[in-house]
Amino acid sequence: MASPAILPLSAATAALPRHKFDVIIIGAGGSGMRASLQLARAGLKVAVLSKVFPTRSHTVAAQGGVGASLGNMSEDNWHFHFYDTIKGSDWLGDQDAIEFMCREAPNVVYELEHFGMPFDRNPDGTIYQRPFGGHTANYGEKPVQRACAAADRTGHAMLHTLYQQNVASRTQFFVEWMALDLIQDADGDVVGVTALEMETGDVHIFEGKTTLLATGGAGRVFAASTNAFINTGDGLGMVARAGMPLQDMEFWQFHPTGVAGAGVLLTEGCRGEGAILRNSEGERFMERYAPTLKDLAPRDFVSRCMDQEIKEGRGCGPNKDYVVLDMSHLGSETILKRLPSVYEIGHNFANVDITKEPIPVVPTIHYQMGGIPTNINGQVVVPKNGDDRSVVGGLYAVGECSCVSVHGANRLGTNSLLDLLVFGRAAANHIISTARSQGKHKPLPADAADYSLGRVAKLDANPGGEYCQDVAGDIRTSMQKHAGVFRTQALLDEGVAQIQALEARVDAIGLKDNSKVFNTARIEALEVANLIEVAKATMVSAAARHESRGAHTVDDYGDTPQHPNGRNDEEWLKHTLWFKDGNRLQYKSVNLQPLTVESVPPKVRTF
Ligand SMILES: Cc1cc2nc3c(=O)[nH]c(=O)nc-3n(C[C@H](O)[C@H](O)[C@H](O)COP(=O)(O)OP(=O)(O)OC[C@H]3O[C@@H](n4cnc5c(N)ncnc54)[C@H](O)[C@@H]3O)c2cc1C
């Protein structure tokens, strides 16, 4: 199709500072920096924008490990990892992407080792690996040691390693910049982004032949969350506003072991090292629910069992509203060597010495399985002209903001750090392979920045408007109540109405203080505009899925002989696509066809 004639830029757009790069990456977490490293090393001119200093991205908080079937400590191979991931996903994961990820896993982990990642070591010098939830040998027979770990600071070690390599490779970082909106031309291709410099409050234009979103998760859309405050789903908001869909947003992972009352995470690596969940009677209740994997069953399953114990009156504490994680039998030497941060968290957030006494825990929101739909090259895909995986020109997404989909309805622990490495690298390689054919930058559309400037100006022009923290607080409370671990159809339907009503309040947000230098209220207000899109996508998608699958468990759709565990494959073995425009849903098929091996057909999930 011939491009329309190039129009002169509007006065507002023409007045803005412009920066030109081959590739613009939004996000300096593990996925953004794995991609930028590959691109910078290939000689491309790369900009990475981040709201915070790169090593403060949420990846730094990852504790337990990165999954790869190295087989250093027990027999393992990628076929087992492939099977576990499909089963963990409750069959909603695309099997081509899962095969690709599990096969690549050892390569990307060894590559990271060669970049200088300080993994823990076995006596023979190989990388230390611990067991993790849902990871098994021999197709579910017994737990396997697959999580490659650097104590309980794996993400910290990984992010610092990647940052150092990026600095050496001359990646250009724009620190404390907030990307606002995608810039699309008349062909629908993405030609860059608008971004706000926090120090000055000024909006700039970043032009890229390619734009890659690596903005991380949106866990802060819930009230109790293990996530960093910056995890507000900005990439998702940008994509939704650009008219593209968000996929599988009904699936949110609750991590079984958030510190009760504080939300801070205690890694599944605790249970990998042998920690045990107990109820008020001191019973190791997971033995009853999952005789084979016990405390190491997948997260959706363990979270529901914990909730069940609490519901049936076996919760601990004065209000019987939590269970406990017991590590006291592991011995202080193991705890201080393998779980030093968990030890500190116990002291600081629960006033508990975990070497001596159990620590109170509750399921806490942790991870979004859904996100921006992509293919295994990281290219953003949308339905168009009968093709439900049509590529959007110039736009890629990787990491937690994306949905490729390897995690389906429930992610296995350690598979996210892996996802960042595998798809960060794959997307970069794909960009490199097409770089030559891309030639020059496509011209900016005439109104490139007008929409973003309008959004910022509207906040400034409304000093008496809603206070963004009040609205954000109400979104979070509503999400927590209506889209929690256990859902009911009535709760979800009411949640849809509540979130829709909140949208009007988001629209009415204003700023009392219009000063420009480091005005964090302006940043937060712009973040709430992203949160509301995530909230709508979640509620609408969840209310429409009339079954239970993975992390989406709805009381109304319980266990029946026809639909064990409430899962209804005949009607619901499909991905959800939510569109902002009209708050509308569409569905697309799950890819049950792997790349080279036989498909793993759906079956009932037991552990
Ligand atoms: C406490 C905790 C422990 C975890 N432990 C593990 C584990 O052991 N193993 C595992 O596999 N997974 C773990 N996970 C999950 C995993 O860490 C995350 O899914 C993953 O790190 C996300 O990486 P990312 O690159 O997608 O994004 P992030 O690391 O979240 O980075 C997002 C980046 O985007 C930037 N950004 C966002 N919006 C904008 C914007 N508008 N403009 C500019 N920049 C923007 C941010 O500044 C940041 O640099 C854990 C998660 C948590 C919360």
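- An unreviewed UniProt entry lists the protein chain under the name Succinate dehydrogenase flavoprotein subunit, with Amphibiibacter pelophylacis given as the organism.

### Thoughts on the sheet that holds strand β12 (residues 276-278)
Okay, step 1: Sheet architecture is open: four strands sit in the order β11-β14-β13-β12, paired in antiparallel fashion. Where the open sheet ends on each side, the last strands, each with one partner, are β11 (252-259) and β12. Going across the sheet, the axis of each strand differs from the next one's by a mean of 45 degrees, ignoring polarity.
Okay, step 2: Across three bridges, strand β13 (residues 323-326) lies against strand β14 (residues 359-368) in antiparallel orientation. Looking at β14, one finds that V324 is bridged to P360.
Okay, step 3: Sheet strands touched by helix α9 (residues 299-311): β11, β12, β13 and β14. Its angle to β11, the strand with the most contacts, is close to 60 degrees.

### As for helix α5 (residues 154-168)
Okay, step 1: Between the first and last C-alpha of α5 there are 21 Å, a value that for 15 residues agrees with the 21 Å anticipated at 1.5 Å per step.
Okay, step 2: Along α5, the positions that sit buried rather than exposed are T154, G155, A157, M158, L159, T161, L162, Y163, Q165 and N166.
Okay, step 3: The first or second residue beyond α5 is R170, which carries a positive phi of 65 degrees.

### Focus on the sheet that holds strand β21 (residues 574-579)
Okay, step 1: In spatial order, the strands read β10-β21-β22; together these three strands make up an open sheet with antiparallel pairing. Each edge of the open sheet is held by one strand with a lone partner, namely β10 (246-247) and β22 (584-589).
Okay, step 2: Set on the sheet, helix α16 (residues 520-544) makes contact with β10, β21 and β22; between it and β21 the angle comes to about 135 degrees.

### So, unusual backbone geometry
Okay, step 1: With omega at -5 degrees, the peptide bond leading from V404 into S405 counts as cis.
Okay, step 2: Looking at the element boundaries, S405 is found in the loop between β18 (402-403) and α12 (415-438).
Okay, step 3: In the Ramachandran plot, D248 falls in the positive-phi region, its phi being about 50 degrees despite a non-glycine side chain.
Okay, step 4: You can see D248 is positioned in the loop between β10 and β11.

### Brief notes about the site of the ligand
Okay, step 1: Of all residues adjacent to the ligand, which total 39 residues, the nearest are S57, H58, T59, E400 and S416.
Okay, step 2: G65 is positioned with one of its backbone polar atoms (N or O) 2.9 Å from a nitrogen atom of the ligand.
Okay, step 3: In this structure, an oxygen atom belonging to the ligand sits 2.5 Å away from a side-chain N or O atom of E400.
Okay, step 4: Protein burial of the ligand: of its 1,000 Å² of free accessible surface, 99% is covered by the chains.
Okay, step 5: Among the secondary structure elements, those contributing two or more residues to the shell around the ligand are α2 (30-41), β2 (46-50), β7 (177-184), β14 and α12.
Okay, step 6: Looking at the shell around the ligand element by element, the count peaks at four residues for α12.
Okay, step 7: Per-class residue counts for the shell around the ligand are 14 nonpolar, 21 polar and four charged.

### Points about the packing of helix α15 (residues 489-507) against α16
Okay, step 1: At their nearest, the axes of α15 and α16 sit 9 Å apart, and the two run at 155 degrees to each other. Between α15 and α16, the interaxial angle falls into the category roughly antiparallel. In the crossing of α15 with α16, the sense of the turn from one axis to the other is left-handed. Together, Q489, L492, D493, G495, V496, I499, L502, E503 and V506 of α15 and V528, A529, I532, A535, K536, M539, V540, A542 and A543 of α16 make up the contact between the two elements.
Okay, step 2: Looking at side-chain class alone, the contact of α15 with α16 contains 13 nonpolar, two polar and three charged residues.

### Digging into the domain arrangement of the protein chain
Okay, step 1: Taken domain by domain, the protein chain consists of domain 1 (259-364) and domain 2 (450-566).
Okay, step 2: For domain 1 versus domain 2, the separation of C-alpha centres amounts to 30 Å.
Okay, step 3: The interface is formed by seven residues belonging to domain 1 together with five residues belonging to domain 2.
Okay, step 4: Where domain 1 meets domain 2, there are zero salt bridges.
Okay, step 5: Summed over the shared surface of domain 1 and domain 2, the result is two residue pairs in polar contact (both at pLDDT 80 or more).
Okay, step 6: Looking at side-chain class alone, the side of domain 1 that touches domain 2 contains one nonpolar, two polar and four charged residues.

### So, the packing of aromatic side chains
Okay, step 1: Counted by the stated rule, this structure contains 15 aromatic pairs.
Okay, step 2: Summarising the aromatic geometry, the rings of W78 and F82 are spaced 6.0 Å apart at their centres and angled 70 degrees between planes, so their arrangement reads as edge-to-face. Here F82 and W78 lie together in helix α3 (residues 78-88), a separation of four residues that amounts to about one turn.
Okay, step 3: Taking relative accessible area as the criterion, F82 reaches 4% and is therefore assigned buried.
Okay, step 4: When the centroid spacing of 5.3 Å and the interplanar angle of 55 degrees are considered together, the rings of Y163 and F173 count as tilted.

### Here we look at the pattern of salt bridges
Okay, step 1: Taken as a whole and assessed by the stated rule, the structure comprises 48 salt bridges.
Okay, step 2: Between E283 and R288 there is a salt bridge, and its shortest N-O distance comes to 2.7 Å.
Okay, step 3: Judged by relative accessible area, which is 25%, E283 ranks as partly exposed.
Okay, step 4: Residue K580 is joined to E533 by a salt bridge in which the shortest nitrogen-to-oxygen separation is 2.9 Å. Remark: E533 occurs in helix α16 and K580 occurs in the loop between β21 and β22; sequence separation between them is 47 residues.
Okay, step 5: Overall, the relative accessible area of 3% leaves E533 in the buried class.
Okay, step 6: Connected through shared salt-bridge partners, D90, E250, D300, R304, R545, E547, R549, R567, D569 and R605 make up one network.

### A word on the nonpolar core
Okay, step 1: With 79 residues, the main nonpolar core has L213 and I475 as its most contacted residues.
Okay, step 2: Among the elements that make up this core, the one with the highest residue count is α16 (13 residues).
Okay, step 3: Every residue in contact with I475, bar those within four places of it in the chain, is listed here: V221, I499, L502, V506, V528, I532 and A535.

Conventions adopted
Residues numbered from 1 in each chain as written. Predicted model: local features only at pLDDT ≥ 70, side-chain atom pairs only at ≥ 80, totals over all residues. Heavy atoms only, no water. Pairing = 2+ DSSP bridges. Helix = DSSP H or I, 4+ residues; strand = E, 2+ residues; numbered from the N terminus. Axes fitted to C-alpha atoms, helices over the stretch in contact; angles between N-to-C directions. Contact = heavy atoms within 4.5 Å. Expected span 1.5 Å × (residues − 1). Buried < 20%, exposed > 50% of the residue type's maximum accessible area, 1.4 Å probe, protein only. Near = heavy atom within 4 Å. Polar contact = N/O pair within 3.5 Å; in protein donor to acceptor, adjacent residues only side chain to side chain. Areas by Shrake-Rupley, 256 points an atom, 1.4 Å probe, with all protein chains shown as cover. Nonpolar A, V, L, I, M, F, W, Y, C, P; charged D, E, K, R; others polar. Parallel < 35°, antiparallel > 145°, perpendicular 65-115°, else oblique. Left-handed = near helix turned anticlockwise from the far one by under 90°. Domains from an automatic or database assignment. Salt bridge = Lys/Arg side-chain N within 4 Å of Asp/Glu carboxyl O. Phe/Tyr/Trp six-rings, centres within 6.5 Å; stacked < 30°, edge-to-face > 60°. Core = buried A, V, L, I, M, F, W, Y, C linked by side-chain atoms within 4.5 Å.

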